[in-house]
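Chain by chain, the residues run as shown.
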Amino acid sequence: KYEEAATQFQDIISKNPSGEIQAKAYHNLGNSLLKTQKYKEAIDAYKNALKKSPGDEESKYNLAYAKAKMMQEQQKQNNKDQNNKDKKDKDNKNKQNQENKDKKDEQKNKDKKDTKDKQNQDNQNQDDKKEEKGNQKPDPEKISKEDAQRILDALNNREKDLQKKGAKKEGAKINIEKNW
(Lines give C-alpha, C1' and ligand atoms only; values in the text may rest on other atoms or scores of the structure.)
Protein backbone atom coordinates (compact mmCIF):
# COMPACT_ATOMS: atom_id res chain seq x y z
CA LYS A 1 0.00 0.00 0.00
CA TYR A 2 2.67 2.45 -1.08
CA GLU A 3 0.22 5.12 -2.20
CA GLU A 4 -1.46 5.15 1.22
CA ALA A 5 1.93 5.34 2.86
CA ALA A 6 2.89 8.28 0.64
CA THR A 7 -0.26 10.12 1.74
CA GLN A 8 0.58 9.44 5.40
CA PHE A 9 4.14 10.73 4.97
CA GLN A 10 2.84 13.91 3.33
CA ASP A 11 0.52 14.44 6.33
CA ILE A 12 3.45 13.96 8.72
CA ILE A 13 5.53 16.48 6.75
CA SER A 14 2.79 19.12 6.88
CA LYS A 15 2.03 18.62 10.62
CA ASN A 16 5.58 18.46 12.02
CA PRO A 17 7.80 21.54 11.81
CA SER A 18 10.78 19.64 13.20
CA GLY A 19 13.61 19.31 10.66
CA GLU A 20 14.68 15.80 11.59
CA ILE A 21 11.17 14.31 11.48
CA GLN A 22 10.49 16.03 8.17
CA ALA A 23 13.79 14.69 6.76
CA LYS A 24 12.85 11.11 7.70
CA ALA A 25 9.31 11.61 6.35
CA TYR A 26 10.68 12.97 3.06
CA HIS A 27 13.08 10.02 2.83
CA ASN A 28 10.26 7.51 3.40
CA LEU A 29 7.98 9.43 1.02
CA GLY A 30 10.71 9.09 -1.60
CA ASN A 31 10.89 5.34 -0.93
CA SER A 32 7.13 4.99 -1.35
CA LEU A 33 7.14 6.99 -4.58
CA LEU A 34 10.10 5.00 -5.87
CA LYS A 35 8.21 1.74 -5.34
CA THR A 36 5.23 3.11 -7.31
CA GLN A 37 7.67 4.12 -10.10
CA LYS A 38 7.01 7.84 -9.71
CA TYR A 39 10.67 8.67 -10.17
CA LYS A 40 10.41 12.44 -10.61
CA GLU A 41 8.41 12.86 -7.39
CA ALA A 42 10.75 10.47 -5.55
CA ILE A 43 13.77 12.52 -6.63
CA ASP A 44 12.11 15.69 -5.33
CA ALA A 45 11.33 13.98 -2.00
CA TYR A 46 14.94 12.81 -1.59
CA LYS A 47 16.21 16.32 -2.40
CA ASN A 48 13.93 17.77 0.29
CA ALA A 49 15.20 15.12 2.75
CA LEU A 50 18.78 16.17 1.97
CA LYS A 51 17.88 19.85 2.47
CA LYS A 52 16.65 19.01 5.97
CA SER A 53 19.49 16.56 6.72
CA PRO A 54 22.47 17.10 4.34
CA GLY A 55 24.61 14.30 5.83
CA ASP A 56 22.05 11.51 5.28
CA GLU A 57 23.91 8.87 3.26
CA GLU A 58 20.83 6.73 2.63
CA SER A 59 18.96 9.66 1.08
CA LYS A 60 21.98 10.44 -1.11
CA TYR A 61 22.16 6.81 -2.26
CA ASN A 62 18.41 6.61 -2.89
CA LEU A 63 18.51 9.92 -4.80
CA ALA A 64 21.22 8.56 -7.10
CA TYR A 65 19.29 5.29 -7.49
CA ALA A 66 16.05 7.13 -8.36
CA LYS A 67 17.88 9.27 -10.93
CA ALA A 68 19.36 6.14 -12.52
CA LYS A 69 15.95 4.45 -12.65
CA MET A 70 14.43 7.57 -14.22
CA MET A 71 17.18 7.61 -16.87
CA GLN A 72 16.54 3.93 -17.65
CA GLU A 73 12.84 4.61 -17.96
CA GLN A 74 13.48 7.54 -20.30
CA GLN A 75 15.81 5.43 -22.44
CA LYS A 76 13.19 2.68 -22.66
CA GLN A 77 10.59 5.26 -23.64
CA ASN A 78 12.92 6.78 -26.24
CA ASN A 79 13.67 3.34 -27.69
CA LYS A 80 9.97 2.52 -27.73
CA ASP A 81 9.19 5.84 -29.42
CA GLN A 82 11.98 5.27 -31.95
CA ASN A 83 10.70 1.75 -32.66
CA ASN A 84 7.17 3.06 -33.08
CA LYS A 85 8.45 5.80 -35.39
CA ASP A 86 10.47 3.28 -37.39
CA LYS A 87 7.45 1.00 -37.61
CA LYS A 88 5.22 3.88 -38.73
CA ASP A 89 7.82 4.93 -41.31
CA LYS A 90 8.06 1.36 -42.56
CA ASP A 91 4.28 1.04 -42.69
CA ASN A 92 4.04 4.34 -44.59
CA LYS A 93 6.70 3.19 -47.06
CA ASN A 94 4.91 -0.12 -47.56
CA LYS A 95 1.64 1.71 -48.07
CA GLN A 96 3.22 4.09 -50.59
CA ASN A 97 4.90 1.19 -52.37
CA GLN A 98 1.59 -0.64 -52.55
CA GLU A 99 -0.16 2.47 -53.88
CA ASN A 100 2.59 2.96 -56.48
CA LYS A 101 2.37 -0.69 -57.46
CA ASP A 102 -1.41 -0.43 -57.77
CA LYS A 103 -1.05 2.67 -59.96
CA LYS A 104 1.55 0.95 -62.14
CA ASP A 105 -0.64 -2.15 -62.46
CA GLU A 106 -3.60 0.03 -63.32
CA GLN A 107 -1.54 1.87 -65.95
CA LYS A 108 -0.27 -1.43 -67.40
CA ASN A 109 -3.79 -2.78 -67.59
CA LYS A 110 -4.92 0.42 -69.28
CA ASP A 111 -1.99 0.24 -71.70
CA LYS A 112 -2.75 -3.41 -72.47
CA LYS A 113 -6.39 -2.59 -73.04
CA ASP A 114 -5.44 0.32 -75.30
CA THR A 115 -3.04 -1.91 -77.22
CA LYS A 116 -5.65 -4.63 -77.61
CA ASP A 117 -8.23 -2.09 -78.70
CA LYS A 118 -5.80 -0.72 -81.26
CA GLN A 119 -4.93 -4.21 -82.50
CA ASN A 120 -8.59 -5.09 -82.74
CA GLN A 121 -9.22 -1.89 -84.65
CA ASP A 122 -6.27 -2.60 -86.98
CA ASN A 123 -7.47 -6.16 -87.48
CA GLN A 124 -10.97 -4.89 -88.19
CA ASN A 125 -9.57 -2.41 -90.73
CA GLN A 126 -7.54 -5.16 -92.41
CA ASP A 127 -10.55 -7.46 -92.42
CA ASP A 128 -12.65 -4.74 -93.96
CA LYS A 129 -10.02 -4.17 -96.69
CA LYS A 130 -9.79 -7.90 -97.43
CA GLU A 131 -13.54 -8.22 -97.63
CA GLU A 132 -13.61 -5.30 -100.02
CA LYS A 133 -11.11 -7.10 -102.24
CA GLY A 134 -13.17 -10.26 -102.08
CA ASN A 135 -10.41 -12.28 -100.42
CA GLN A 136 -11.12 -14.60 -97.57
CA LYS A 137 -9.27 -13.64 -94.43
CA PRO A 138 -6.63 -16.17 -93.33
CA ASP A 139 -6.56 -17.23 -89.71
CA PRO A 140 -3.52 -15.50 -88.11
CA GLU A 141 -2.77 -18.56 -85.96
CA LYS A 142 -2.48 -20.84 -88.99
CA ILE A 143 0.61 -20.84 -91.16
CA SER A 144 1.03 -22.30 -94.58
CA LYS A 145 2.46 -25.79 -95.05
CA GLU A 146 5.50 -24.41 -96.86
CA ASP A 147 6.32 -22.03 -93.94
CA ALA A 148 5.88 -24.82 -91.42
CA GLN A 149 8.16 -27.12 -93.45
CA ARG A 150 10.87 -24.42 -93.69
CA ILE A 151 10.76 -23.87 -89.91
CA LEU A 152 11.05 -27.62 -89.27
CA ASP A 153 13.96 -27.95 -91.69
CA ALA A 154 15.80 -25.07 -90.03
CA LEU A 155 15.33 -26.65 -86.59
CA ASN A 156 16.52 -30.04 -87.87
CA ASN A 157 19.62 -28.50 -89.44
CA ARG A 158 20.39 -26.69 -86.21
CA GLU A 159 19.98 -29.90 -84.21
CA LYS A 160 22.35 -31.77 -86.57
CA ASP A 161 24.97 -29.02 -86.22
CA LEU A 162 24.80 -29.23 -82.44
CA GLN A 163 25.17 -33.01 -82.52
CA LYS A 164 28.21 -32.74 -84.80
CA LYS A 165 29.87 -30.24 -82.45
CA GLY A 166 29.16 -32.51 -79.49
CA ALA A 167 30.63 -35.52 -81.28
CA LYS A 168 33.83 -33.64 -82.13
CA LYS A 169 34.49 -32.67 -78.52
CA GLU A 170 35.37 -36.06 -77.14
CA GLY A 171 38.01 -36.11 -74.48
CA ALA A 172 41.63 -36.76 -75.38
CA LYS A 173 43.02 -40.07 -74.23
CA ILE A 174 45.66 -39.84 -71.56
CA ASN A 175 47.98 -42.64 -70.61
CA ILE A 176 48.18 -42.93 -66.89
CA GLU A 177 51.34 -44.45 -65.64
CA LYS A 178 51.43 -45.73 -62.13
CA ASN A 179 54.17 -44.16 -60.08
CA TRP A 180 54.84 -46.86 -57.56
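All values derive from a computational prediction rather than experimental measurement.

About the thresholds
- Residues numbered from 1 in each chain as written.
- Predicted model: local features only at pLDDT ≥ 70, side-chain atom pairs only at ≥ 80, totals over all residues.
- Heavy atoms only, no water.
- Helix = DSSP H or I, 4+ residues; strand = E, 2+ residues; numbered from the N terminus.
- Buried < 20%, exposed > 50% of the residue type's maximum accessible area, 1.4 Å probe, protein only.
- Contact = heavy atoms within 4.5 Å.
- Areas by Shrake-Rupley, 256 points an atom, 1.4 Å probe, with all protein chains shown as cover.
- Axes fitted to C-alpha atoms, helices over the stretch in contact; angles between N-to-C directions.
- Parallel < 35°, antiparallel > 145°, perpendicular 65-115°, else oblique.
- Left-handed = near helix turned anticlockwise from the far one by under 90°.
- Nonpolar A, V, L, I, M, F, W, Y, C, P; charged D, E, K, R; others polar.
- Core = buried A, V, L, I, M, F, W, Y, C linked by side-chain atoms within 4.5 Å.
- Expected span 1.5 Å × (residues − 1).
- Patch = residues over 30% accessible without salt bridge, like charges linked within 9 Å, V, L, I, M, F, W, Y side chains within 5 Å.
- Salt bridge = Lys/Arg side-chain N within 4 Å of Asp/Glu carboxyl O.
- Lys, Arg positive; Asp, Glu negative; His and termini not counted.
- Charge placed at Lys NZ, Arg CZ, Asp CG, Glu CD.

### Considerations on the overall build of the chain
What the chain contains, in helices and strands, is 5 helices and 0 strands. Reading the secondary structure of the chain in the N-to-C direction produces α-α-α-α-α. Scored against the burial criterion, the 180 residues of the chain give a buried share of 14%. Taking the intrachain contacts of the chain between residues at least 6 apart in sequence as the baseline, contacts between residues at least 24 apart amount to 38%. Within the structure as shown, the chain displays about 16300 Å² of accessible surface, and the carbon and sulfur contribution to it stands at 46%.

### What to know about unusual backbone geometry
Of note in the backbone geometry, Q37 takes a positive phi value of approximately 60° without being a glycine. By the secondary structure assignment, Q37 is in the loop between α2 (19-35) and α3 (39-52).

### Re the packing of α2 against α3
Each pair of packed helices can be described by the angle between their axes along with the distance between the axes. It is at 8 Å that the axes of α2 and α3 come closest, and there the two elements cross at 160°. Taken together, α2 and α3 sit at an angle that is classed as roughly antiparallel. Between α2 and α3 lies a crossing of left-handed hand. Residues G19, Q22, A23, Y26, H27, L29, G30, N31, L33 and L34 of α2 form the contact with α3, whose own contacting residues are Y39, E41, A42, A45, Y46, N48, A49 and K52. Considering only residue class, the contact of α2 with α3 consists of 10 nonpolar, 6 polar and 2 charged.

### Focus on the nonpolar core
Counting residues in each nonpolar core, the largest one holds 17 residues, and the members touching the most others are L29, L34 and Y46. If you list the elements that add at least two residues to this core, you get α1 (2-15), α2, α3 and α4 (57-133). Setting aside chain neighbours within four positions, we find Y46 in contact with H27, G30, N31, L34, S59, N62, L63 and A66.

### Comments concerning α1
Over its 14 residues, α1 runs 20 Å from end to end, which matches the ideal 20 Å to within 8%, given 1.5 Å per residue. The elements touched by buried residues of α1 are α2.

### Some points on a positive patch on the surface
Side chains of K40, K47, K51 and K67 sit close together on the surface and give a patch of like positive charge. Top element by residues in the positive patch is α3. It accounts for 3 residues. Inspection of the secondary structure puts K40 in helix α3.

### Some remarks on a nonpolar patch on the surface
Residues I143, I151, L152 and L155 make up a contiguous nonpolar surface patch of about 390 Å² in total accessible area. With respect to the element layout, L152 can be found in helix α5 (residues 145-168).

### Examining the pattern of salt bridges
Taken as a whole and judged by the stated rule, the model has 4 salt bridges. E57 is the salt-bridge partner of K60, the closest N and O atoms lying 3.9 Å from each other. Of this pair, K60 and E57 both sit in helix α4, separated by 3 residues, roughly a single helical turn. What makes K60 partly exposed here is its relative accessible area of 38%.

### Describing α2
Here α2 contains 17 residues, and its C-alpha end-to-end distance of 24 Å stays within 8% of the 24 Å for a straight helix at 1.5 Å per residue. Burial in α2 covers these residues: Q22, A23, A25, Y26, H27, L29, G30, S32, L33 and L34.

### Here's the deal with the packing of α1 against α2
At a closest axis distance of 9 Å, the pairing of α1 and α2 adopts a crossing angle of 160°. Classified by the angle their axes make, α1 and α2 are roughly antiparallel. For the crossing formed where α1 meets α2, the hand is left-handed. Residues Y2, A5, A6, F9, Q10, I12 and I13 of α1 touch α2, and the partners they reach there are I21, Q22, A25, Y26, N28, L29, S32, L33 and K35. Its residues assigned to classes, the contact of α1 with α2 shows 11 nonpolar, 4 polar and 1 charged.

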